[in-house]
Protein chains: 4
Amino acid sequence: MSYAEQMLRTSPTNPPVDDQRLTVLAQAIEALFDCAQACTACADACLAEDSVKDLVRCIRLNLHCADLCATTARILSRQESPELARVVLEACALACKLCGDECAGHAAHMEHCRVCAEACRRCEDACRQLLASLEPPKLR
Amino acid sequence: MSYAEQMLRTSPTNPPVDDQRLTVLAQAIEALFDCAQACTACADACLAEDSVKDLVRCIRLNLHCADLCATTARILSRQESPELARVVLEACALACKLCGDECAGHAAHMEHCRVCAEACRRCEDACRQLLASLEPPKLR
Amino acid sequence: MSYAEQMLRTSPTNPPVDDQRLTVLAQAIEALFDCAQACTACADACLAEDSVKDLVRCIRLNLHCADLCATTARILSRQESPELARVVLEACALACKLCGDECAGHAAHMEHCRVCAEACRRCEDACRQLLASLEPPKLR
Amino acid sequence: MSYAEQMLRTSPTNPPVDDQRLTVLAQAIEALFDCAQACTACADACLAEDSVKDLVRCIRLNLHCADLCATTARILSRQESPELARVVLEACALACKLCGDECAGHAAHMEHCRVCAEACRRCEDACRQLLASLEPPKLR
């Protein structure tokens, strides 16, 4: 069992949600940390490429995505404010999509972009699955 | 002139926007760093209060808000993806509102919450002013 | 293979180090992200305990450790400045030790502290193993 | 009065230190946030330069320095563990020195590097002043 899941299962705050939901949350947290790491490393690998001048947008999206994934993982690790969790997850899924699309465009000739695109896709999916499992927002 | 404004004025990416717009962006970045600091310190001050048990929601919102303000400031410091900047600013304004409201509720008897509520309000305003100055999103 | 290891193996900067060394680095990066997550979640779980007043030092060390582990993981994900990597690893190992000792003291009656103490120990070990594998600093 | 100083003055943890010491701490926290912002923006401005290929080390040191300054500012904003604060401040002063030296080397032909070098110098000085004001570590 991952640390993320162990920590969720041992928190006294944790509402008695069904196991499946808790697993979806734990998987999202893990995917977010994986993506934050992959994006940080991909930005650095892009900087080392001869073609760095053509990779400026990729590097910037990598840095955006790394920052937002790390913050989203932290926010999901605290049991407070599902309303905020929802909008942050939406923003993070967009960052993963933008970065994943950009990296996918370089994947044919750069292995680090191929691996990073995969991490972004998995993270975007995990964010969207978690969003789907959350209660719908109250009508105002 | 603040470092945020100096850095914006000396970036080669910087589009020739009018001065007023650049000032709004620089002020938002400064307000975000101020709010990130105030929220980090307010969480710590709440932990030192005898009434810490009644401040759990305040501490959690402080931590959420500090993380999201810091990430938003970084994203705004990079000249890429206004589409992402927009949704992150919306999320951050919500975090500032939630945290500012909570701190305001304790402001009468805790000075650190009064100061932090003020930093949250100023930051929420700065985020909304910047949002108002951005180009409207394209219709899809 | 973890994303951290895949990213290291596909970076063009990566010096032709032996496989064992690269594995030590990848394991440190993973342990750092695990520890950052565990500490963030442990701080939140402590806040939900009835005995929160007795857990203030634990929460603060959790927050210190989470921040420093996340930053150390990012710095190790960039191929620049082994001199800086060394001092940051030393500081991070100390944060893990302080937080691991504190959590271990609560482990008998709080499961989240037991899990977090384990994550801190593993991370401290991983930092020290990586330090041992680095070239010795030059004499001044 | 800066938010950093207001927050320090209103924290119930705050030991009755003399005013001068509290001012040194508040100035360090402000200099750290300024430097984190300047370094994030300088990395982005370097990416937009035609000569980006010659600025790879500068960008990486900017990113290292931004991360470590932000984490150091957070750690100093919490009243716990002067032992950890000391080693983190030492590491951060080194990051500021490395990044400041690198940026200073480009300052003659890039304004953003000139401004960033200044922010790094001021931050390094503020870290060292704070280190000098801390109690000496206990002999082991």
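Calculation notes
- In this numbering scheme, every chain counts its residues from 1 along its sequence in written order.
- All chains are assigned letters beginning at A, and all ligands numbers beginning at 1, according to the order in which they are written.
- It should be noted that, the model being predicted, local features are given only for residues of pLDDT at least 70 and side-chain atom pairs only at 80 or more, the latter also being counted only at that level, while totals for whole chains, interfaces and linings use all residues.
- Side-chain numbers come from the whole structure's heavy atoms, not from hydrogens or water.
- Residue-level confidence of the predictor is summarised by pLDDT, bounded by 0 at the bottom and 100 at the top.
- Within this document, salt bridges are pairs made up of a side-chain nitrogen of Lys or Arg and a carboxyl oxygen of Asp or Glu, the two lying within 4 Å of each other.
- The helix count covers DSSP runs of H or I at least four residues long, the strand count covers runs of E at least two residues long, and both are numbered beginning at the N terminus.
- Remark: exposure states derive from per-residue accessible area (1.4 Å probe, protein chains only) relative to the maximum for the residue type, with buried under 20%, exposed over 50%, and partly exposed in between.
- Contact definition: two residues touch when any of their heavy atoms are within 4.5 Å.
- A 1.4 Å probe that fits but cannot get out identifies a cavity on a 1 Å grid over protein atoms alone, an open set with protein on both sides within 12 Å along at least five of seven lines counts as a pocket, and a residue lines either if it has an atom within 4 Å of a point.
- Grid points are joined across faces, edges and corners, and a volume is the space filled by probe spheres set on the points.
- Following the grouping adopted for this structure description, the nonpolar residues are Ala, Val, Leu, Ile, Met, Phe, Trp, Tyr, Cys and Pro, the charged ones are Asp, Glu, Lys and Arg, and the polar ones are all others, Gly among them.
- When two components associate, each loses some accessible surface as probed by a 1.4 Å sphere; the sum of these losses over both components is called the buried area.
- As used in this structure description, the phrase polar contact means that two N or O atoms lie within 3.5 Å; if the pair is within protein, one of them must be able to donate a hydrogen and the other to accept it, and residues adjacent in sequence are counted only when both atoms belong to side chains.
- A helix is expected to reach a length of 1.5 Å times the quantity of its residues less one.
- Axes, fitted as lines to C-alpha atoms, cover a helix only where it is in contact. Angles between the N-to-C directions of the axes lie from 0 to 180 degrees.
- Angles below 35 degrees are treated as roughly parallel, those above 145 as roughly antiparallel, those between 65 and 115 as roughly perpendicular, and all remaining angles as oblique.
- The handedness criterion is simple: a crossing whose near helix is rotated anticlockwise from the far helix by less than a right angle is left-handed, and one whose near helix is rotated clockwise is right-handed.
- Least-squares superposition of the copies uses the C-alpha atoms of those residues scoring a pLDDT of at least 70 in each of them.

**Here's the deal with the confidence of the model for chain A**
Per-residue confidence for chain A gives a mean pLDDT of 94, with 93% of residues at or over 70. With pTM at 0.96, the complex prediction returns an ipTM value of 0.94.

**Considering the pattern of salt bridges**
Per the stated rule, a full pass over the model turns up 56 salt bridges over all chains. Across the pair Asp 101 of chain B and Lys 97 of chain B runs a salt bridge, and its minimum N-O distance is 2.7 Å. Remark: Lys 97 of chain B and Asp 101 of chain B occur in helix H4 (residues 82–106); sequence separation between them is 4 residues, near one turn of the helix. Residue class for Lys 97 of chain B comes out partly exposed when judged on its relative accessible area of 34%. With a closest N to O distance of 3.4 Å, Arg 128 of chain B and Glu 124 of chain B form a salt bridge. On the criterion of helical spacing, the pair formed by Arg 128 of chain B and Glu 124 of chain B is a turn pair, its members being 4 residues apart in helix H5 (residues 111–133). When its relative accessible area of 38% is taken as the criterion, Arg 128 of chain B is described as partly exposed. Taking the relative accessible area as the measure of exposure, Glu 124 of chain B reaches 11% and is therefore buried. One salt-bridge network, held together by shared partners, links Asp 67 of chain A, Arg 74 and Arg 78 of chain B, Arg 74 and Arg 78 of chain C together with Asp 67 of chain D.

**A short note on the side chain of Glu 80 of chain A**
Inspection of the secondary structure assignment puts Glu 80 of chain A in the loop between helix H3 (56–76) and helix H4 (82–106). When near neighbours in sequence (up to four residues on either side) are disregarded, Glu 80 of chain A contacts Arg 57, Arg 60, Leu 61 and His 64 of chain B.

**Topic: empty space enclosed by the protein**
Across all of its chains, the model carries 6 cavities of 30 Å³ or more by this definition. When its volume is computed, the largest cavity comes out at roughly 500 Å³. Lining the largest cavity are 31 residues, and of these Arg 74 of chain A, Thr 71 and Arg 74 of chain B, Arg 74 of chain C together with Arg 74 of chain D sit closest to its centre. Of the residues assigned to the lining of the largest cavity, the class counts are 15 nonpolar, 8 polar and 8 charged.

**A look at the interface of chain C and chain A**
Tallying the contact residues gives 33 residues for chain C and 33 residues for chain A. Summing the contributions of chain C and of chain A, the shared interface buries around 3000 Å²; its carbon and sulfur component is 63%. Considering only the side of chain C, the residues that lose the most area to chain A are Tyr 3, Met 7 and Gln 37 of chain C, jointly responsible for 26% of the buried surface there. Our count for the contact surface shared by chain C and chain A stands at 2 salt bridges. Where Arg 74 of chain A meets Asp 67 of chain C, a salt bridge forms, and the shortest distance between an N and an O atom there is 2.6 Å. If you look at where chain C meets chain A, you find 10 residue pairs in polar contact (both at pLDDT 80 or more). In terms of residues, the side of chain C that touches chain A owes the most to one element, helix H2 (residues 19–47) of chain C, which gives 10 residues. Grouping the constituent residues of the side of chain C that touches chain A by class yields 15 nonpolar, 9 polar and 9 charged.

**A look at unusual backbone geometry**
At Ser 81 of chain A, a position not held by glycine, the phi torsion is positive, near 65°. With relative accessibility at 8%, the residue Ser 81 of chain A sits in the buried group.

**Regarding helix H3 (residues 56–76) of chain B**
For H3 of chain B, which comprises 21 residues, the first-to-last C-alpha distance of 30 Å matches the rise-based estimate of 30 Å (1.5 Å per residue) to within 8%. Of all 21 residues making up H3 of chain B, 19 are buried, and the element is well covered by its neighbours.

**Quick look at the packing of H2 of chain C against helix H5 (residues 111–133) of chain C**
Residues and elements named next belong to chain C. As a packed pair, H2 and H5 sit with axes 8 Å apart at the nearest point and diverge in direction by 150°. In terms of axis orientation, H2 runs roughly antiparallel to H5. Relative to H5, H2 is oriented so that their crossing is left-handed. Residue composition of the contact of H2 with H5, grouped by class: 19 nonpolar, 4 polar and 3 charged.

**A closer look at the relation of the copies chain A and chain B**
Two chain copies here: they are related by a rotation about an axis and a translation along the same axis. Note on the copies: chain A fits chain B at an RMSD of 0.0 Å, the axial shift is 0.0 Å, and the rotation between them is 180°. Put plainly, the chains are arranged around a two-fold axis. When the interface residues of chain A are mapped onto chain B, 100% of them again lie at the interface, so the same face is used by both copies.

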